[in-house]
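Coordinate analysis (summary)
Listed here are the chains, written in short residue letters.
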2 protein chains.
Amino acid sequence: MDQQLIATLRGIVGDAHVLTDGDLSAYEQDWRKRVHGKSLAVVRPASTQEVAAVVKACAQAHTPIIAQGGNTGLSVGSTPDSSGQQVVLSLLRMQALRQLDADNLTVTVEAGMILQTLQDTADKAGFLFPLSLAAEGSCTIGGNLGTNAGGTQVLRYGNARELCLGLEVVTAQGDIWNGLTGLRKDNTGYDLRDLFIGSEGTLGIITAATMKLFPQPAAQLTAFAAVPSMEAAVRLLGLAHQHLAAGLTGFEVMGKFALSLVVKHMPQLRVPFADMAEAPYCVLLENSDSESESHARARFEHLLELAFEDGCVLDAVVAESMAQAHDLWHIRESIPLAQAEEGLNIKHDISVQASRIPAFVEYADAVLLREIPGVRLVNFGHLGDGNLHYNVQVPEGQDGKQFLNEKENLVNTLVYDAVAKFDGSFSAEHGVGALKADKLEHYKSPVALGMMRAIKQALDPQAIMNPGCVLKV
Amino acid sequence: MDQQLIATLRGIVGDAHVLTDGDLSAYEQDWRKRVHGKSLAVVRPASTQEVAAVVKACAQAHTPIIAQGGNTGLSVGSTPDSSGQQVVLSLLRMQALRQLDADNLTVTVEAGMILQTLQDTADKAGFLFPLSLAAEGSCTIGGNLGTNAGGTQVLRYGNARELCLGLEVVTAQGDIWNGLTGLRKDNTGYDLRDLFIGSEGTLGIITAATMKLFPQPAAQLTAFAAVPSMEAAVRLLGLAHQHLAAGLTGFEVMGKFALSLVVKHMPQLRVPFADMAEAPYCVLLENSDSESESHARARFEHLLELAFEDGCVLDAVVAESMAQAHDLWHIRESIPLAQAEEGLNIKHDISVQASRIPAFVEYADAVLLREIPGVRLVNFGHLGDGNLHYNVQVPEGQDGKQFLNEKENLVNTLVYDAVAKFDGSFSAEHGVGALKADKLEHYKSPVALGMMRAIKQALDPQAIMNPGCVLKV
């Protein structure tokens with residue numbers, strides 16, 4: 001029976017594109033190598049019609065399908081289990097640019113296009129495609145939509161969801177839904193698009209998408225500010241919204257300990273205000289200006305003047321050049337690497353309303369330090385979106401592996417319980433996957449879970465689309 | 001049995017809030033008085049708990065529920081049928097402001113709050129709530145979300161959908177889902193919020209919402225430009241996006257005949273370029289500036305210089321003052337009234353990709369003039385969103401009522417078939433309601449319809465939530 005399905009799949013996509021032998025670890029284990037699965041086969045269709053035929057064949061055989069893009073997800077949402085009974089459907093051969101419509105400010109691409117290719121395609125045509133995240137060199141736009149990816153430009157442009165106008169999807173029955181409208185207003189029935197976005201391959205397979213383009217800014221400058229408290233950082237955010245308006249495209253907060261790890265492990269980077277004792281946090285601001293670099297600088301200077309008066313900024317530098325602007329971003333982006341250099345750590349991707357972040361951090365810090373003396377808190381993230389990477393570094397001098405074995409679950413419970421207490425989210429931008437399906441069950445309300453299960457049952461009654469991801473089987 | 005349900009409802013909300021006698025036409029007929037229904041009762045709960053109890057009681061009695069806000073919809077989506085067997089559930093007593101969170105830039109309000117009240121509430125707190133449409137003095141935020149309302153600021157701020165961060169909903173089973181998160185990033189499971197938004201009361205009842213606030217612009221200026229063609233208008237849109245960026249908050253196109261009706265019926269209004277024969281269209285642009293009125297004017301002047309060079313603008317005026325800016329908007333807003341003064345007409349609310357609007361208009365104009373000689377086309381709308389109110393005025397000298405009786409269906413078919421040919425939408429911002437449920441069935445793909453029916457069945461298996469609206473029974 002398995003062999004019969006594999007033969008059918010070979011008939012659909014060609015022998016060369018049904019992989020069953022050799023090293024398939026790139027498809028079968030997740031990005032962070034937490035899970036090592038074993039698939040029945042890895043199938044690489046070249047067209048939407050082939051995807052539909054593959055799904056139809058698997059549906060007939062009651063064989064689960066794991067849709068996969070760049071396989072860079074952080075929540076184990078695109079790898080097979082260890083049964084050897086699941087088919088991995090890789091979209092990586094579907095990379096075509098279908099249309100770039102400059103007058104409509106849209107671009108339609110296939111799901112397997114690499115995010116960076118889409119950024120470059122937009123750039124060459126004179127536009128900005130703003131989605132940007134660490135994995136952009138290998139993640140796909142289909143995966144970005146399946147997980148509703150976030151990244152560094154959400155503050156201004158929204159998540160992947162807000163950047164998408166239309167989808168093409170192969171349903172769990174192997175039908176093709178052409179919802180590639182490119183319309184900015186279309187109130188004709190239920191919002192199927194947003195249901196598939198963020199559903200992590202559990203309701204159907206995104207095969208193409210129409211995405212928004214934006215005019216390129218004339219200049220992007222950054223500023224780096226030392227602030228006296230997290231409350232002050234939130235006040236600075238309000239001022240920045242008011243005075244930079246839509247020019248504010250980045251607002252990142254970095255705790256003192258996070259910056260100290262960058263200073264320690266990347267001595268070649270110059271970190272401003274690293275020694276300023278009265279500044280427990282620094283903030284990186286990005287201003288994308290539609291006029292000029294000098295206008296961007298003038299706006300920043302005006303904002304910072306007001307912020308000094310308010311007292312929410314102690315000291316600040318505005319990048320003198322685009323190169324220096326990049327250097328300041330580089331500090332922020334180096335924190336995860338500096339953490340890795342320091343040793344093992346436990347990562348979180350949480351969100352809380354910006355207004356409640358100061359109280360949340362105070363509460364969570366206190367709980368963690370009380371329950372696990374010596375833990376070191378690496379707090380940084382997209383404060384403008386209320387999204388913190390509230391990470392926990394092993395106490396100095398302790399064995400990392402042993403600490404993780406003994407304390408990882410406790411740390412997660414303490415952090416997620418604190419998040420729940422402040423009405424936040426245990427997964428701001430990384431999704432649920434298989435990794436956090438139990439967290440979903442624990443923290444979501446029964447009413448929400450009931451509706452999600454009803455929708456899953458309605459659209460995928462055989463439960464063959466990425467089973468165990470998002471909702472527990 | 002009916003009397004038993006009514007007694008139960010009286011027990012829940014109090015005698016004074018279950019209306020069964022007297023003139024209930026405000027609840028039982030639609031805004032444009034196309035449909036005159038008869039309800040079993042009009043129930044006016046005062047809290048989410050009461051809504052839940054009402055829904056539970058109706059569900060137990062298998063009695064359909066029609067959720068209603070301001071009852072200002074244009075697609076007959078909130079009125080009962082004529083059976084006398086449906087309960088109208090009015091949200092108008094639920095108008096509370098639950099929370100305004102300045103640091104999080106959000107406001108949480110109950111569904112029955114009038115849109116204008118929400119605008120004013122935001123304004124008083126120093127913020128902008130940008131949703132704005134003709135009915136804002138009587139429509140409710142719940143209705144705006146139920147229909148995913150559009151309006152004049154969509155170009156910059158999006159539809160009601162894009163302005164919403166969280167919902168509280170009473171399900172078809174009478175359960176309360178608290179999804180009022182106020183989070184800008186939350187990837188924990190399926191997007192229930194966007195499923196309820198735009199579902200027109202057919203899946204559940206929105207009882208409260210958390211909406212985004214924005215900084216108030218320092219100045220809002222308008223410009224009025226004569227353009228040589230629709231192609232030129234689209235080119236001007238591209239330039240405006242590039243040079244005003246997020247400052248571009250309005251881009252309205254008006255055909256010559258539409259403007260001539262304003263000149264004819266509102267002689268007190270001064271319409272620029274009304275006599276310019278070489279300009280078949282005029283464009284109204286709005287620039288919302290975060291700096292100052294003079295900066296807004298300088299940006300406009302820069303843009304118009306480039307547009308003159310390009311040839312896409314023949315002549316233009318920039319408002320000299322805020323008062324003049326309002327006057328220019330007033331011309332655009334007077335078109336529907338001028339149309340009514342001229343006589344009966346057939347209205348459409350369609351969208352097509354901006355890039356295809358010139359070809360669409362050329363095609364649709366030709367088809368209509370060929371099939372119905374003498375029809376007069378009143379073409380205007382939100383070109384920035386690809387949304388046209390492509391209306392058809394009765395031929396000069398013909399009896400309006402007779403023309404509508406004989407030709408309305410033909411006109412609609414010709415327009416909607418043309419829209420379908422250009423991959424557009426037959427309802428850009430007004431929704432489907434009962435009025436266009438047959439259009440949905442005709443123009444949507446069977447795959448999309450199948451998924452919508454499956455979702456309806458999953459969330460409302462008894463089919464008691466606004467039956468016949470969106471999906472035909």
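If you're wondering where the values come from, they're calculated on a predicted model, not measured in any experiment. (Residues numbered from 1 in each chain as written. Chains lettered and ligands numbered in written order. Predicted model: local features only at pLDDT ≥ 70, side-chain atom pairs only at ≥ 80, totals over all residues. Heavy atoms only, no water.)

1. Notes on the sheet that holds strand β4 (residues 87-90) of chain A
All names here are of chain A. If you walk across this open sheet you meet the 4 strands as β1-β2-β4-β3, and the pairing is mixed. Because the sheet does not close on itself, it has two edges, and the strands there are β1 (18-19) and β3 (65-68). Pairing between β3 and β4: 4 bridges, direction parallel. Among the inter-strand pairings, isoleucine 65 is bridged to a residue of β4, identified as valine 87. (Pairing = 2+ DSSP bridges. Helix = DSSP H or I, 4+ residues; strand = E, 2+ residues; numbered from the N terminus.)

2. A word on the relation of the copies chain A and chain B
For these two chain copies, the linking operation is a rotation about an axis paired with a shift along it. Rotating chain A by 180° and moving it 0.0 Å along the rotation axis overlays it on chain B with an RMSD of 0.0 Å. Expressed as a symmetry operation, the mapping of one chain copy onto the other fits a two-fold axis. Interface overlap between copies is the fraction of interface residues in one copy that are interface residues in the other; for chain A against chain B it reaches 100%, indicating a shared surface. (Least-squares fit on C-alpha atoms with pLDDT ≥ 70 in both. Contact = heavy atoms within 4.5 Å.)

3. Regarding the interface of chain A and chain B
Taken together, the contact pairs 80 residues of chain A with 80 residues of chain B. Together chain A and chain B conceal approximately 6300 Å² of surface at their shared face, both sides included; 59% is due to carbon and sulfur atoms. Summed over the three residues of chain A that lose the most area to chain B, namely Lys185, Asn187 and Tyr190 of chain A, the buried surface amounts to 17% of that side. Our count for the chain A to chain B interface comes out at 8 salt bridges. At the boundary of chain A with chain B, the tally comes to 40 residue pairs in polar contact (both at pLDDT 80 or more). Looking at the side of chain A that touches chain B, the elements with two or more residues in it are α6 (154-157), β9 (176-179), α8 (192-196), α9 (230-244), α11 (293-310) and α17 (446-459) of chain A. Among the elements that make up the side of chain A that touches chain B, the one with the highest residue count is α17 of chain A (9 residues). Looking at side-chain class alone, the side of chain A that touches chain B contains 30 nonpolar, 32 polar and 18 charged residues. (Buried area = accessible area lost by both parts, 1.4 Å probe. Salt bridge = Lys/Arg side-chain N within 4 Å of Asp/Glu carboxyl O. Polar contact = N/O pair within 3.5 Å; in protein donor to acceptor, adjacent residues only side chain to side chain. Nonpolar A, V, L, I, M, F, W, Y, C, P; charged D, E, K, R; others polar.)

4. Focus: the environment of alanine 437 of chain B
Residue and element names in this part refer to chain B. Following the sequence through the fold, alanine 437 ends up in helix α16 (residues 437-443). Between the C-alpha atom of alanine 437 and that of glycine 77, which follows or precedes it by 360 residues, the distance is 9.9 Å. The residues touching alanine 437, leaving out its near neighbours within four places in the chain, are Val432, Gly468, Val470 and Lys472.

5. Points about the sheet that holds strand β10 (residues 204-212) of chain A
Residue and element names in this part refer to chain A. Across the sheet, 5 strands lie side by side as β5-β6-β10-β8-β9; this open sheet has antiparallel pairing. Looking along the sheet, the strands with just one partner apiece sit at the ends: β5 (97-101) and β9. The sheet shows a mean angle of 15° between the axes of neighbouring strands, direction not considered. For strand β8 (residues 164-171) and β10, the ladder comprises 7 bridges, and the chain directions are antiparallel. Directly across from valine 169, in β10, lies its bridge partner isoleucine 206. (Axes fitted to C-alpha atoms, helices over the stretch in contact; angles between N-to-C directions.)

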